[in-house]
Amino acid sequence: LSGTYSKYCYGTAVQLAEIPFNLGFALVSFVIFYFMVGLSLEVERIFYFILMALASYWVLPAFGQLLAFVSPNVGAAVGAGSLLMTLFTLTMGFLIIP
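Conventions adopted
- Residues numbered from 1 in each chain as written.
- Predicted model: local features only at pLDDT ≥ 70, side-chain atom pairs only at ≥ 80, totals over all residues.
- Heavy atoms only, no water.
- Patch = residues over 30% accessible without salt bridge, like charges linked within 9 Å, V, L, I, M, F, W, Y side chains within 5 Å.
- Areas by Shrake-Rupley, 256 points an atom, 1.4 Å probe, with all protein chains shown as cover.
- Salt bridge = Lys/Arg side-chain N within 4 Å of Asp/Glu carboxyl O.
- Helix = DSSP H or I, 4+ residues; strand = E, 2+ residues; numbered from the N terminus.
- Core = buried A, V, L, I, M, F, W, Y, C linked by side-chain atoms within 4.5 Å.
- Buried < 20%, exposed > 50% of the residue type's maximum accessible area, 1.4 Å probe, protein only.
- Contact = heavy atoms within 4.5 Å.

Caption draft 1: Region of interest: a nonpolar patch on the surface. Together, Val28, Val31, Ile32, Phe33, Met36, Val37 and Leu39 make up an exposed nonpolar region whose accessible area comes to about 670 Å². Following the sequence through the fold, Leu39 ends up in the loop between helix H1 (7-37) and helix H2 (43-70).

See the structure below:
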């Protein structure tokens, strides 16, 4: 950062600028994945799937940017990110209450 904008303004602007791209990625993955797997065609479930895809495409880059901001160097950010993403991936689906 050059110091022209505050970190809060910069982070907010980046997240707002990524919304159209994340929505596009969520819709493309919906069209490819949802029908290929044969999931339910109920409107609520389709909306929920798109919402969760949008959330995942939005949260993961934001998490990477957070690590980049709080880490002292690139190596620390990559190490912390790979460790945390491994833990997140290993526990996916186990916290969902039926």
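Text resumes after the structure shown.
Caption draft 2: Molecular detail of the nonpolar core. Core analysis: the largest hydrophobic core is formed by 5 residues, namely Phe30, Tyr34, Ile46, Phe49 and Ile50. Residue assignment for this core shows that the elements contributing at least two residues are H1 and H2. If we skip the residues at most four places from it in the chain, Phe49 touches Phe30, Phe33, Tyr34 and Leu39.

Caption draft 3: Structural view of the pattern of salt bridges. All chains considered together, the criterion is met by 1 salt bridge. Close ionic contact of Arg45 with Glu42 constitutes a salt bridge, the shortest N to O distance being 3.6 Å. With relative accessibility at 40%, the residue Glu42 sits in the partly exposed group.

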